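Each chain, letter by letter, is given below.
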Amino acid sequence: MISTLVLLLIAGHETTVNLITNGWLTLQRHPEVLQRLRSEPRFAIRLVEELLRYEPSVHILPFRSAISDIEVGGTTIRMGHPIAVLLASGNRDPQCFPHADRFDPDRTDNVHLSFAGGIHYCLGAPLARLEAQLALTQLARRLRNPRLLADPPPYRPSPILRGPVHLAVAYDSVEPA
Amino acid sequence: MRVVVDLTKCEGYAQCAFLAPEAFRMVGDEALLFDPAPSAELGEKVLRAAAACPVQALQVDLADLPVPPPAETVVAATDDRLRREGRIVVAGLWKAAT
């Protein structure tokens, strides 16, 4: 019970915080994309998918184990052996994504792994997408002249969840909603 | 607006049904009922649904082209356009295998 609650807290809160923070950091580093978000209402949809691919909140799914012998890419993983799934690495697979290290919100066929896959596909994916789309759009539209105070920001040391400890942003004023 | 679902890709994740329930609906666990010509007001929801598909099985054409009537026959309930005019696809491989 306690471990389920801990999982829900982390999965439901911290991942989205990191998605929004990593997203804003990426937007500040790509001012032309930030400008586009201000003027194109539907742009947030594709933008968030590319942010999910390029800067995912969850980099590694550790503590898995094979429930039977499985073969992946010519290697057999024996039943019971531990597995760590490197989602963020899969998201930069050059065989799946041309110019994988380039941040490109116009990317089509963006089959990223950031919500994992199969029957345990992230339960909160629709909520996370909506939160990130709304939050980033509002920040882009309402903050006048936003700029990073530290780039790169300080990161938490976790190899699993990726995100800054905090992201300090200065701005001139806030537009009304 | 026209919507096409690639049934060789669709695996029944149902993300589209969460994001645009007016245009996409799961029938049981394995079949997706969808509207091939959703109304223009649903544009944003349908785009969200297409972007969220984990296997990118949805193609959306926003150009307002004439749409041929669907060939499939679906039993229509009164006032249920999706049931009357929708198309159904059976979700693919991993569902079938599990």
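Placed above this text is the structure.
The text that follows walks through the structure, step by step, so that each part is easy to find. Throughout this document, residue positions are counted from 1 along each chain, in the order its sequence is written. Following the order in which they are written, the chains are lettered starting with A and the ligands numbered starting with 1. Owing to the predicted nature of the model, reporting of local features is limited to residues with pLDDT of at least 70; listing and counting of side-chain atom pairs is limited to 80 or more, with chain, interface and lining totals taken over all residues. The basis for every side-chain value is the complete set of heavy atoms in the structure, and neither hydrogens nor water enter the calculation.

### Description of the overall build of chain B
Comment: elements are numbered from the N terminus, with helices defined as DSSP H or I runs of at least four residues and strands as E runs of at least two. Looking only at helices and strands, chain B features four helices and five strands. The N-to-C order of helical and strand elements in chain B reads β-α-β-β-α-β-α-β-α. Between two residues, a contact is recorded if the distance between any of their heavy atoms is within 4.5 Å. Partitioning the intrachain contacts of chain B with sequence separation of at least 6 by distance along the chain shows that 69% fall at a separation of at least 24. The Shrake-Rupley method, run with a 1.4 Å probe sphere, supplies the accessible areas, and residue values consider only the shown protein chains as cover. Accessible area for chain B stands at about 5,200 Å²; split by element, carbon and sulfur atoms hold 58% of it.

### Some words on the packing of aromatic side chains
Working definition: rings of Phe, Tyr and Trp (its six-membered ring) pair if their centres are within 6.5 Å, and the pair is stacked with planes under 30 degrees apart, edge-to-face with planes over 60 apart, and tilted otherwise. Following the criterion strictly, the structure yields three aromatic pairs over all chains and no others. Measuring from ring centre to ring centre gives 5.2 Å for A:Tyr54 and A:Phe103, while their planes differ by 50°; the resulting arrangement is tilted. Within this pair, whereas A:Tyr54 is found in helix 3 (residues 43-54), its partner A:Phe103 is found in the loop between helix 4 (87-90) and helix 5 (125-142), the two being separated by 49 residues in sequence. Relative accessible area decides the class of each residue, using a 1.4 Å probe on protein chains only: under 20% of the type maximum gives buried, over 50% gives exposed, and in between gives partly exposed. Owing to a relative accessible area of 17%, A:Tyr54 belongs among the buried residues under this scheme. Connected via pairs of aromatic rings, a cluster forms that spans A:Phe115, A:Tyr121 and B:Tyr13. The criterion is that NZ of a Lys, or CZ of an Arg, lies within 6 Å of the ring centre and within 35 degrees of the ring normal, and then a charge sits over that ring. If you follow A:Arg53 out to its NZ or CZ, it ends over the ring of A:Phe97, 5.2 Å from the centre. A cation over an aromatic ring shows up here: A:Arg92 above the ring of A:Tyr54, its NZ or CZ 4.4 Å from the ring centre.

### Some details on the nonpolar core
Counting residues in hydrophobic clusters, the biggest one holds 46 residues, and the most contacted among them are A:Trp24, A:Leu27, A:Leu37, A:Leu47, B:Val5, B:Phe24 and B:Leu58. Listing elements by their share of this core, those giving two or more residues are helix 1 (2-29), helix 2 (31-39), helix 3 and helix 5 of chain A together with strand 1 (2-5), helix 1 (15-19), strand 3 (31-34) and helix 2 (43-52) of chain B. Top contributing element to this core by residue count: helix 3 of chain A, with seven residues. Put simply, buried Ala, Val, Leu, Ile, Met, Phe, Trp, Tyr and Cys residues joined by side-chain atoms within 4.5 Å make one nonpolar core.

### Let's talk about helix 1 of chain A
Residue and element names in this part refer to chain A. Taking 1.5 Å per residue, 28 residues should reach 40 Å; helix 1 reaches 39 Å between its end C-alpha atoms and fits that length. What is called the bend at a residue is the angle between a pair of axes, fitted to the seven residues leading up to and ending at it and to the seven starting from it. Largest kink in helix 1: about 25°, centred on isoleucine 10. Along helix 1, the residues that are buried comprise Thr15, Thr16, Asn18, Leu19, Thr21, Asn22, Gly23, Trp24, Leu25, Thr26, Leu27 and Gln28. Looking at the packing, one finds that the buried side of helix 1 touches helix 2, helix 3, helix 5, strand 5 (143-144), strand 6 (147-148) and strand 7 (169-170). Helix span, expected: 1.5 Å multiplied by one less than the number of residues in the helix.

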